[in-house]
Amino acid sequence: MGTIERCKVVVIGTGAGGAPAAARLAETWGEGVVLLEAGPHMHASDFTQVEREMMPRLYAGSGTQATEDGSIALLQASCVGGTTVVNDALCLRPPPELEERWRALGAELSLSALAPYVAKVEQELGVEQIPRSMINRANYLVGLGAARLGWKGERMHHNAPGCPECGLRHLGCAYDSKRSMNLSYVPRAVKAGARLKPMTRAELLVPRAGGWRVQCGELEIEAEHVVLAAGVVQTPMLLLRSGIPAGQGLQMHLQTLAWGDFAEPVDGFNGIPMAYGVLEFSDVYGNTGPGFMIEGVSTQALSFSVQPQAQGALHEEILRRYRYLAGAVMLLRSTTRGSVQLGPGGRPRIEFELQARDYEQILNFYQRAVEMFMAADAGRVLLSHRETHFVTQPPTDLRLGPGWTYLYTAHPFGGACRGGPTVDGVGRVRGQRNLWVLDASAFPEAPGVNPQIIICSLALEGAERLLAGAE
Ligand SMILES: Cc1cc2nc3c(=O)[nH]c(=O)nc-3n(C[C@H](O)[C@H](O)[C@H](O)COP(=O)(O)OP(=O)(O)OC[C@H]3O[C@@H](n4cnc5c(N)ncnc54)[C@H](O)[C@@H]3O)c2cc1C
């Protein structure tokens, strides 16, 4: 016989969507809020700063989650605080272009109405511009190359005031300095009375008179309202398991890498990993480029070792240059639309077949990255491509297609898009009572910038709407 708990609202997932929503709901409903998290509750002392130990413990699928054909890795975390625990702490405001783009897709969005929530989130997370003194050499070189070419760019903002610059944000902050959800909105929710349940996976949603039954193994939770914030793969999966159509409109910021190879050591594994952003090729904040940002990125031993797509003697040569490489990552607002489906054995089947335009922009990124690093006086530039590695000129005849380049995304979106077949313009699941989606899976279109501030703000606004409509 299982246990039954009753509450006003269940929030499923403790990441950038779930944690702020739970905190706001708990301000009104206190212990009437149950906050479920499939992963463990980890603390600063658990973050050993060793990649081979932390990646399997923190990341969904032990870090191996990928599209069905294996060509694009999908990075998400599974622990209290969600992916914000492993993120790079960059904080970007919602671009003004979002309003028109999202509205055209059926989402209700008013950036002026959202502005107070953005301000609250920035205050709660301690957002500040990364001080000049904290820009490491790798990010400095990205900025130098961009400046010499006259490209627009800036020192970015982060939510890690007092960061000790250990360089390991992607493994959980061992110093409690990054104000990820586990250190900000989750404790806020708990302080207001919310019942936090780590290691508790919502398996099924069953409608019942007056609300929902959420099945989590032996535990059943009866609630009037449910907020889904299990992330882009698991929110659609939970809907699908519960017989609710979902999973369409999967999108990504598509990411690949290039590294300038410099004569002097760069030691890009030290310091704040991502601190400088090149906006010249983006299509937000008034820019009219093809839709990608270039951001400085760190070179951490284990992750870096798989990125250049080389083997044998060449791989060894590349690893010997490790200390001399400065990295840059592309963040392309991909135009491809994929899907998340229920696969064999209940596992997610993630389909994402890149469109020709995305390949064109990957080539465009490699060309611009070569120009940028050569302008910063690199001797040559390394591309994460299976065939072409070190170059001194922008490549023109690069082979592109699944498996030729190292591709990943740390920013998936969609699967339960606002204004789409699954949810309405503000995030309510169509045809269902009191069921909301308030995470990145409700994004109707990729925003073109690092998304955590947008996700948190929309979640706060969504929680307010839920409260306003609740009896
Ligand atoms: C390496 C990396 C670096 C990044 N850097 C940045 C950055 O610098 N700036 C930025 O803005 N964004 C960054 N991001 C992205 C950002 O962190 C995510 O977009 C954001 O956290 C997504 O929020 P979410 O609420 O949709 O999902 P998540 O934050 O992923 O939270 C979902 C949570 O739900 C839990 N869950 C899943 N299924 C269930 C279930 N059935 N029952 C209960 N719980 C469940 C998961 O375990 C997870 O903890 C980065 C991401 C990665 C991977």
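Residues numbered from 1 in each chain as written. Predicted model: local features only at pLDDT ≥ 70, side-chain atom pairs only at ≥ 80, totals over all residues. Heavy atoms only, no water.

1. Remarks on the overall build of the protein
Next, step 1: For the protein, the count of helices and strands is 11 helices and 21 strands.
Next, step 2: A globule of 471 residues ought to have a C-alpha radius of gyration of about 23 Å, and the protein, at 22 Å, matches this closely.
Next, step 3: Within the protein, counting contacts between residues at least 6 apart in sequence, those at least 24 apart form 75% of the total.
Next, step 4: Entry remark: accessible area of the protein is about 17400 Å², with carbon and sulfur atoms responsible for 49%.
Next, step 5: The averaged location of the 47 negative side-chain charges in the protein is 3 Å from the averaged location of its 42 positive side-chain charges. (Helix = DSSP H or I, 4+ residues; strand = E, 2+ residues; numbered from the N terminus. Rg over C-alpha atoms; globule rule 2.2 N^0.38 Å. Contact = heavy atoms within 4.5 Å. Areas by Shrake-Rupley, 256 points an atom, 1.4 Å probe, with all protein chains shown as cover. Lys, Arg positive; Asp, Glu negative; His and termini not counted. Charge placed at Lys NZ, Arg CZ, Asp CG, Glu CD.)

2. A short note on the site of the ligand
Next, step 1: Residues in contact with the ligand amount to 37 residues; listed here are only the nearest, E37, S78, T83, L90 and Q452.
Next, step 2: Here C79 contributes a backbone N or O atom positioned 3.1 Å from an oxygen atom of the ligand.
Next, step 3: When the ligand sits alone it has 1000 Å² of accessible area, and the protein chains cover 96% of it.
Next, step 4: Looking at the shell around the ligand, the elements with two or more residues in it are α7 (231-241), β20 (407-415) and α11 (452-469). (Near = heavy atom within 4 Å. Polar contact = N/O pair within 3.5 Å; in protein donor to acceptor, adjacent residues only side chain to side chain.)

3. Things to note about the packing of aromatic side chains
Next, step 1: For the coordinates displayed, the defined rule picks out 11 aromatic pairs.
Next, step 2: Geometrically, the ring pair formed by W102 and F443 is edge-to-face, given 4.9 Å between the ring centres and 65 degrees between the ring planes. With a gap of 341 residues between them, W102 in helix α3 (residues 97-104) and F443 in the loop between β21 (435-437) and α11 connect regions that are remote in the sequence.
Next, step 3: Residue class for W102 comes out buried when judged on its relative accessible area of 0%.
Next, step 4: Plain terms: the ring middles of W151 and F281 are 4.8 Å apart, the flat faces sit at 85 degrees to each other, and that makes the pair edge-to-face. With W151 in the loop between α5 (137-148) and β5 (153-155) and F281 in the loop between β13 (276-278) and β14 (292-297), the pair connects residues that are 130 residues apart, well separated along the chain.
Next, step 5: Since its relative accessible area comes to 11%, F281 is described here as buried.
Next, step 6: Counting every residue linked through ring pairs, the aromatic cluster contains W151, F281, F292, F365 and Y366.
Next, step 7: Sitting over the ring of F390, R380 keeps its end group 3.5 Å from the ring centre.
Next, step 8: The cationic tip of R386 hangs over the ring face of W404; the distance from NZ or CZ to the ring centre is 4.3 Å. (Phe/Tyr/Trp six-rings, centres within 6.5 Å; stacked < 30°, edge-to-face > 60°. Buried < 20%, exposed > 50% of the residue type's maximum accessible area, 1.4 Å probe, protein only. Lys NZ or Arg CZ within 6 Å of the ring centre and 35° of its normal.)

4. Digging into the pairing of strand β9 (residues 211-216)
Next, step 1: Alignment of strand β8 (residues 204-208) against β9, held across 5 bridges, turns out to be antiparallel. Bridge pairing links P207 to W212 in β9.
Next, step 2: Sheet topology note: the β9/strand β10 (residues 219-228) ladder contains 5 bridges and is antiparallel. Across the sheet, residue R213 finds its bridge partner in β10, namely E222.
Next, step 3: Here β9 hands over to β10 after 2 residues, with G217 in that stretch at a positive phi of 60 degrees. (Pairing = 2+ DSSP bridges.)

5. Re the packing of α5 against helix α10 (residues 356-375)
Next, step 1: For the pair α5 and α10, the least separation of the axes is 7 Å and the interaxial angle reads 95 degrees. Of the possible angle classes, the one that applies to α5 and α10 is roughly perpendicular. In contact with V142, G145, A146 and R148 of α5, α10 contributes M372, F373 and A375.
Next, step 2: Along the lines of polarity and charge, the residues of the contact of α5 with α10 split into 5 nonpolar, 1 polar and 1 charged. (Axes fitted to C-alpha atoms, helices over the stretch in contact; angles between N-to-C directions. Parallel < 35°, antiparallel > 145°, perpendicular 65-115°, else oblique. Nonpolar A, V, L, I, M, F, W, Y, C, P; charged D, E, K, R; others polar.)

6. Regarding the nonpolar core
Next, step 1: L25, V33, V227, L254, V278 and F373 are the most contacted members of the largest nonpolar core, which totals 125 residues.
Next, step 2: No other element matches α11, which puts 10 residues into this core.
Next, step 3: Residues C7, A416, L435 and V437 belong to the second largest nonpolar core, which totals 25 residues. (Core = buried A, V, L, I, M, F, W, Y, C linked by side-chain atoms within 4.5 Å.)

7. A few points about the packing of helix α1 (residues 18-29) against α11
Next, step 1: Two elements in contact, α1 and α11, have axes separated by 7 Å at closest approach and are oriented at 30 degrees. Between α1 and α11, the crossing angle belongs to the class labelled roughly parallel. Taken as a pair, α1 and α11 cross one another with a handedness that is right-handed. Facing P20, A21, R24, L25, T28 and W29 of α1, the residues of α11 in contact are C456, A459, L460, A463, E464, L466 and L467. (Left-handed = near helix turned anticlockwise from the far one by under 90°.)

8. Remarks on the pattern of salt bridges
Next, step 1: Overall, the coordinates contain 28 salt bridges when judged by the stated rule.
Next, step 2: Between R208 and E222 there is a salt bridge, and its shortest N-O distance comes to 3.4 Å. Residue R208 is located in strand β8, and its partner E222 is located in strand β10; the two are separated by 14 residues in the primary sequence.
Next, step 3: Among the charged side chains, a network of salt bridges with common partners joins E68, R347, R349 and E351. (Salt bridge = Lys/Arg side-chain N within 4 Å of Asp/Glu carboxyl O.)

9. Here's the deal with the state of the cysteines
Next, step 1: Counted under the stated rule, the structure contains 0 disulfides.
Next, step 2: C7 carries a free sulfur, and the closest cysteine sulfur to it, the one in C216, is 10.0 Å from it.
Next, step 3: Between C163, a free cysteine, and C166, which holds the nearest cysteine sulfur, the sulfur-to-sulfur gap is 6.4 Å.
Next, step 4: Classification of C163 as buried rests on a relative accessible area of 10%. (Disulfide = S-S within 2.5 Å.)

10. Let's talk about unusual backbone geometry
Next, step 1: One non-glycine residue, S62, lies in the positive phi region at around 55 degrees.
Next, step 2: Topologically, S62 is positioned in the loop between α2 (51-58) and β3 (72-74).
Next, step 3: Unlike most non-glycine residues, D377 shows phi in positive territory, near 75 degrees.
Next, step 4: Assignment of secondary structure puts D377 in the loop between α10 and β18 (380-383).
Next, step 5: D377 gets classed as exposed once you look at its relative accessible area, which sits at 55%.

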